[in-house]
Each structure stands twice: as structure tokens, then as C-alpha cells.
Amino acid sequence: MPLINLPEFANDLIAEFIERNAERIDTPVIQPAEPFLDIAGEDLRRRIFMTESETGASLCLRPEFTIPVCLRHIETATGTPKRYAYLGEVFRQRRDGANEFYQAGIEDLGDIDLSNADARAIGDATGILARLLPGRRLAVTLGDQAVFEAVVQALGLPLGWQKRLIHAFGNMTQLEALLASLVSPQFVTGLDDDIARLVASGDEQALVAHLEREMQKTGYSTNAGRSPLEIARRLKEKLILSETRLDDAAFHVLEEFLSLDVPLVNASAALSGFADAAGLKLGNALARFNGRVAALSNAGVDLSCLDYRAAFGRPLDYYTGLVFEVTVEGSTAVLAGGGRFDRLLTFLGATDRIPAVGFSFWLDRIETERAAA
């Protein structure tokens, strides 16, 4: 597999990272596959290049840097706050472009001032791109998963539906399909009559006992899959979800929220107006959003190039709040993208909760933009 040439502006990038007090590190190209399969999300999972160790452990070629950087931070027991920078090759199938390409970026771990850390990430991403692409006007699209979660929770949907909708955030096709299911529920069918009766009765103990007997009859090993209790609870959840209907008023509230697309300078007022009109209390999520806007302004970021789109998300499951992408105005090619991932380090084994935000650059796309100047 031929190596991709390192872009000629790589040294400029490294100098920018040093100027921003980010320690450059590298991580192994061969990574354990499990964290990416479990945490990164379906969009990345299906594009990973997989392999195995001689002992049968699942491995993959490094598909991105955020998870490897976080794993390295945990393994080295480094204190926080800590800023890491990286520049190296990643390997994943892409719809456009080579499957082996360079990425660079910064991961900001452990800063408890979330608003300023978010503003710094956006400011660094746009500031570096402005240096690499002088004279180009940048456009930033910003979303916030935490605000979406607050809206879904305020509507009082069952927890299972909240999880489904939040998981689909950023994928409008999937989100619209889920909303259609909520408006016109599809009832559970195809269950054995005895199981259907026990699920409907709500008698979990009797259902578990029945499942255990059936599994013993068929020789099903619980070591190979879910236990009778897990199956019983999933069936109960499936029944509850199938019987939940989103009333027209709540559906229109979600539709109205997802249609919000405004310049960031108007976003706080738009969200407050939406929440008041819908009678929703968005509490901390809205306060954090407003704090971020203020921090961006205080940091000197040009707010005129930032737009807030309520339905905007990025196709990685570990994001928890801010998400953003940067393009050149008039182009659809994403040059930088990032967001907040406050739960990721705990999922990866950190004993303490470590807030985190970061971004990455697609160097081949930046190179194309520079060549077009």
C-alpha cells in the first residue's frame, strides 16, 4: 500500500500546535478494535480495516486519533488538564478520497471550564485554517447534542425512546424514521402466544422462568448470548416502546426544534423563544450553550462565520455536547471537525470523569483548497 506524501504545510501545523501549548504525541498504527466497535458508532465501524493478532484478538488499523490519544493518556496516568496534538496517518474507507490519509488535531483533556475549552477548540481550528488558507472566508456549522437531549427529556418520552432518538442525533434519515414510528406505532408481532401473554402481564419472574424452560428445551446456552432476565427486560422495553405514541403537539415541537438554523449570534434568543413557546425547561443545557457563545465572543472568534443548526451532529457516538465542522464558504468539503466527548475517557477505563473536547483536520482536503487558491 503506497504511503501518502506528507503535505508541505505539515511543519506549519506543528508550529501552530507548539504555539498553542499542545504536546505532540503519536500512537500505534495497530489498535485494539474493541473501543472503536463499542464506542465510535456505526458510521465508523463499517469503514474500519480489521485484522487479528496471533492469539485471535481483534485489531484494526488506526481509523482516527481521538480514542488512541485518550487510551494513551489513561495508560500513562498523566494528570489533567492536558493538551495533546497529533499528526499522522489514519486508515478507513471513505466515500471520496484515499482510504489512507493524514489527519492532525488537538485533544483538550481535563479543563473544567467547559465554555472556554469549547471556544478554544473552535478558535484554534478556525485560527489555524485561516493561517493555512489566507484570504479564504471560513464557515462553521455548530450543533449541540446536549440541547437536543434536553428537548427530548423535557417532552417526557420513555427512557428507551430517549436513548433511540439521542443515538440517531445528526442522522436526519434515521431520526425521521424514528419520529414516524413514534407518530404511528408498530405493535410487536410474531411472539409466541405464551411469551406475548407474559410480557403483557408484566410478571417478569414468570416470564424469566418460562424463557429458562424454553432455552433448556432447545439447548440454548446463555454463555453464547443474553440471559433469560436480559431477554425478558428487552421484550418488556420493546413492548413499551411499541405502545408509545408521540402526540401531534409534541411531534410539532420536535419538528420545530430540528428546523432551527440561525446565525450563532441569534441562536441563544432563538432557543429561548422556542423553549418558552413550547413550555419546555431546558435548564443547564441552555445555560451552557449561552456560556459557550459568550466565551467565543470573549475569545475574539468571528461569530459572523458561525451558524447554529439544531439538527446538526457528527457521525461518532462518543460526542456529548458541542459538535462543529469547518468549511470554506461556498464549499461542502469539511476541512476540520470536532466536538465535546465528556464520557469517552470513563468508557475507556479512566477512574475519574475527565471532560474533553477536540478537533481534527483533513490534510488532503486542506491541500486541495490551497492548490485551488
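Residues numbered from 1 in each chain as written. Predicted model: local features only at pLDDT ≥ 70, side-chain atom pairs only at ≥ 80, totals over all residues. Heavy atoms only, no water.

1. Concerning the overall build of the protein
Phase 1 of the analysis: Helix and strand counts for the protein come out as 16 helices and 12 strands.
Phase 2 of the analysis: The buried share of the protein, taken over its 373 residues, is 48%.
Phase 3 of the analysis: Roughly 18,200 Å² of accessible area belongs to the protein as shown, and the carbon and sulfur atoms make up 49% of that amount. (Helix = DSSP H or I, 4+ residues; strand = E, 2+ residues; numbered from the N terminus. Buried < 20%, exposed > 50% of the residue type's maximum accessible area, 1.4 Å probe, protein only. Areas by Shrake-Rupley, 256 points an atom, 1.4 Å probe, with all protein chains shown as cover.)

2. Quick notes on the environment of Pro263
Phase 1 of the analysis: Considering the arrangement of structural elements, one finds Pro263 in strand 8 (residues 261-263).
Phase 2 of the analysis: A relative accessible area of 36% means that Pro263 is categorised as partly exposed.

3. Overview of the nonpolar core
Phase 1 of the analysis: Membership of the largest hydrophobic core comes to 77 residues, with the highest contact counts inside it found for Leu13, Phe148, Leu165, Phe257, Leu264, Tyr308 and Phe361.
Phase 2 of the analysis: In terms of residue count, the dominant contributor to this core is helix 5 (residues 114-132) (eight residues).
Phase 3 of the analysis: When residues no more than four places from it in sequence are discounted, the contact partners of Leu13 are Leu87, Ala104, Ile128, Leu132, Phe361 and Leu363.
Phase 4 of the analysis: Among the nonpolar cores identified, the runner-up in size contains 32 residues, and Ala40, Ile67, Tyr319 and Val334 belong to it. (Core = buried A, V, L, I, M, F, W, Y, C linked by side-chain atoms within 4.5 Å. Contact = heavy atoms within 4.5 Å.)

4. Some details on the pattern of salt bridges
Phase 1 of the analysis: By the definition in use, this model includes 22 salt bridges.
Phase 2 of the analysis: In this structure, Arg120 engages Asp111 in a salt bridge whose closest nitrogen and oxygen atoms are separated by 2.7 Å.
Phase 3 of the analysis: With a relative accessible area of 17%, Asp111 lands in the buried category.
Phase 4 of the analysis: The salt bridge partner of Arg137 is Glu329, with a shortest N-O separation of 3.2 Å. With Arg137 in the loop between helix 5 and strand 7 (138-144) and Glu329 in the loop between strand 10 (322-328) and strand 11 (336-340), the pair connects residues that are 192 residues apart, well separated along the chain.
Phase 5 of the analysis: Residue Arg137 is classed as partly exposed on the basis of its relative accessible area, which comes to 37%.
Phase 6 of the analysis: Given a relative accessible area of 48%, Glu329 falls into the partly exposed group. (Salt bridge = Lys/Arg side-chain N within 4 Å of Asp/Glu carboxyl O.)

5. Description of the UniProt feature "binding site: L-histidine" (unreviewed entry) in the protein
Phase 1 of the analysis: Residues annotated by UniProt as "binding site: L-histidine" (unreviewed entry) correspond here to Glu64, Phe65, Thr66, Arg92, Gln103, Glu107, Arg314, Tyr318 and Tyr319.
Phase 2 of the analysis: Mapped onto the elements, Arg92 comes out in the loop between strand 5 (82-91) and strand 6 (100-109).
Phase 3 of the analysis: Setting aside residues up to four positions removed in sequence, Arg92 forms contacts with Leu44, Arg47, Phe49, Pro63, Glu64, Asn99, Phe101, Gln103 and Trp362.
Phase 4 of the analysis: Locating Gln103 in the fold gives a position in strand 6.
Phase 5 of the analysis: In contact with Gln103, other than residues within four places in its own chain, are Glu64, Phe65, Tyr86, Leu87, Gly88, Val90, Arg92, Ser360, Phe361, Trp362 and Leu363. (UniProt positions renumbered as here; feature names shortened; annotations may be inferred.)

6. Let's talk about the sheet that holds strand 4 (residues 58-61)
Phase 1 of the analysis: The three strands lie next to each other as 2-4-3, forming an open sheet whose pairing is antiparallel. This sheet does not close on itself; its edge strands, each paired only once, are strand 2 (30-32) and strand 3 (50-52). The average angle at which neighbouring strand axes cross in this sheet is 45°, direction not considered.
Phase 2 of the analysis: Here strand 2 pairs with strand 4 via three bridges, running antiparallel. In the strand pairing of strand 4, Ile30 is matched with Leu61. (Pairing = 2+ DSSP bridges. Axes fitted to C-alpha atoms, helices over the stretch in contact; angles between N-to-C directions.)

7. Some points on the environment of Gly330
Phase 1 of the analysis: Inspection of the secondary structure puts Gly330 in the loop between strand 10 and strand 11.
Phase 2 of the analysis: Taking C-alpha positions, Gly330 is 8.4 Å from Ala139, a pair spaced 191 residues apart along the chain.

8. Quick word on the sheet that holds strand 8
Phase 1 of the analysis: Across the sheet, which stays open at both edges, the nine strands sit in the order 1-5-6-12-11-10-7-9-8 with mixed pairing between neighbours. Each edge of the open sheet carries a strand with a single partner, namely strand 1 (23-24) and strand 8.
Phase 2 of the analysis: Judged from the seven bridges that link them, strand 6 and strand 12 (residues 356-362) form a sheet pairing that is antiparallel. By the bridge assignment, Gly105 is partnered in strand 12 with Ser360.
Phase 3 of the analysis: Contacting strand 1, strand 5, strand 6 and strand 12, helix 1 (residues 10-19) runs over the sheet at an angle of about 160° to strand 5.

9. Regarding helix 16 (residues 363-371)
Phase 1 of the analysis: Turning to helix 16, its buried residues are Leu363, Ile366 and Glu369. The buried residues of helix 16 occupy an angular sector of 120° when projected down its axis, which confines them to one face. Turned more than 90 degrees away from the buried face of helix 16 sit Thr368 and Ala371, all of them exposed.
Phase 2 of the analysis: Next to the buried residues of helix 16 lie helix 1, strand 5, strand 6, helix 5, strand 10 and strand 12. (Arc of directions from axis to C-beta.)

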